[in-house]
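# Coordinate inspection notes
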Amino acid sequence: MADSLTVDDAADTLSRPDPLTFIKANMRIGPVAALPEIRLYAAHPASGLWRLTRPQGRAAEPEEEANEADEDGPEPQPPYWAYAWAGGAVLARYILDRPETVAGLRVLDLGAGSGLVGIAAARAGASEVIASEIDRNGVAALGLNAAANGVAIAVVGEDITAGPPPPVDVVAAGDLFYRQDLADRVIPFLDRCLAAGINVLIGDPGRAYLPRSRLRLLAEYQVPDVGQAKGAATKPSGVFSFEPEQLGGEFRSSP
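### Let's talk about the pairing of strand β3 (residues 106-110)
β3 sits mainly inside the fold: 4 of its 5 residues count as buried. The pairing of β3 with strand β4 (residues 128-132) spans 5 bridges and is parallel. The partner of Leu108 across the bridge, within β4, is Ile130. With helix α6 (residues 116-123) bridging β3 and its parallel neighbour β4, the resulting β-α-β unit is right-handed. Of the strand pairs in this sheet, β3 and strand β6 (residues 170-174) are connected by 4 bridges, and their pairing is parallel. Note on β6: the bridge partner recorded for Leu108 is Val171.

In structure tokens, the structure reads:
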């Protein structure tokens, strides 16, 4: 017997806006801090982002309804794809400043979020860019951001960390070490990348589960991070090469 939508399923589907339509109508597109070459759709206090990101089937809370009408009201905790995070920003800046890092090579933007790093790689001359992103809203935003910047990115809308790496030359991972369980999935995947001869670049502002003993510092940049108060001083965020375990040295600088 063919599957069919229940009344509740249909209500859930109708209660959630189409991501492409919502993002184009409600989010602002503009240049990224420290990356004026790239423009992204980003959340803002009046974007009503909670309507797109609340769990399926959950009705809006009264305070969410109030915030929608209040342009100065706080936005809920932003999803990864709705903002340029520091790790992705420094990776993108590094790639644009050193296009030889990716020029003519196949690049995977792992946990791509907005697609910022993948867009930078495409702009820097990568022969192919693949972006992996598990959030369906992020996948929609990524496609819109790629189009807005005139680049082509192939999107994989699923978690690829449990399997073998795709056929690429460079893996770029920005801001993937903010939770222990995530780091525990990502690090073995990056080890498989190294074993396959793939160069791994990491961008991070020093989050809690960053594998510091496996990193070689390549560059530092001052960029704002998500949640940072407006006008607050920025702290350095690093771009690192992920090294085989026996060669690692805590934050070793490149010669």
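### Details of the packing of helix α5 (residues 86-97) against α6
Across the interface, α5 lies against α6 with an axial gap of 8 Å and an inter-helix angle of 5°. Classified by the interaxial angle, the pair formed by α5 and α6 is roughly parallel. From α5, Gly88, Ala89, Leu91, Ala92, Ile95 and Leu96 reach across to α6, where they touch Leu116, Val117, Ala120, Ala121 and Arg123. Considering only residue class, the contact of α5 with α6 consists of 9 nonpolar, 1 polar and 1 charged.

### Quick look at the pattern of salt bridges
If you walk through the whole model with that rule in mind, you get 9 salt bridges. The salt bridge partner of Asp97 is Arg93, with a shortest N-O separation of 3.0 Å. Separated by 4 residues within a single helix, Asp97 and Arg93 lie in helix α5, roughly one turn from each other. One salt bridge connects Asp159 with Arg185, and the closest N-O pair in it is separated by 3.5 Å. Residue Asp159 is found in the loop between β5 (154-156) and β6, and its partner Arg185 is found in helix α8 (residues 180-195); the two are separated by 26 residues along the sequence. For Asp159, a relative accessible area of 40% gives the class partly exposed.

Quick notes on the rules
The written sequence of each chain sets the order in which its residues are numbered from 1. Restriction of local features to residues with pLDDT of at least 70 applies here, the model being predicted, together with a cutoff of 80 or more for giving and counting side-chain atom pairs; totals for whole chains, interfaces and linings are based on all residues. Side-chain descriptors were evaluated using all non-hydrogen atoms of the structure, hydrogens and water having been removed beforehand. The rule is simple: take the accessible area with a 1.4 Å probe, protein chains only, and divide by the maximum for that residue type; under 20% is buried, over 50% is exposed, in between is partly exposed. Helix and strand assignments come from DSSP, with helices taken as H or I runs of at least 4 residues and strands as E runs of at least 2, each series counted from the N terminus. Pairing between strands is defined by DSSP: at least two bridges between them are needed. A clockwise course of the path from the first strand over the helix to the second, judged with the strands pointing away from the viewer, identifies a crossover as right-handed. The axes are straight lines fitted to the C-alpha atoms, using for helices just the contacting stretch, and the angles between their N-to-C directions are given from 0 to 180°. Throughout this description, any angle smaller than 35 degrees is read as roughly parallel, any larger than 145 degrees as roughly antiparallel, any in the 65 to 115 degree range as roughly perpendicular, and the remainder as oblique. It only takes one pair of heavy atoms within 4.5 Å for two residues to be counted as in contact. Ten residue types, Ala, Val, Leu, Ile, Met, Phe, Trp, Tyr, Cys and Pro, are classed as nonpolar, four, Asp, Glu, Lys and Arg, as charged, and the remainder, Gly among them, as polar. Should a side-chain nitrogen of Lys or Arg be within 4 Å of a carboxyl oxygen of Asp or Glu, the pair is scored as a salt bridge.

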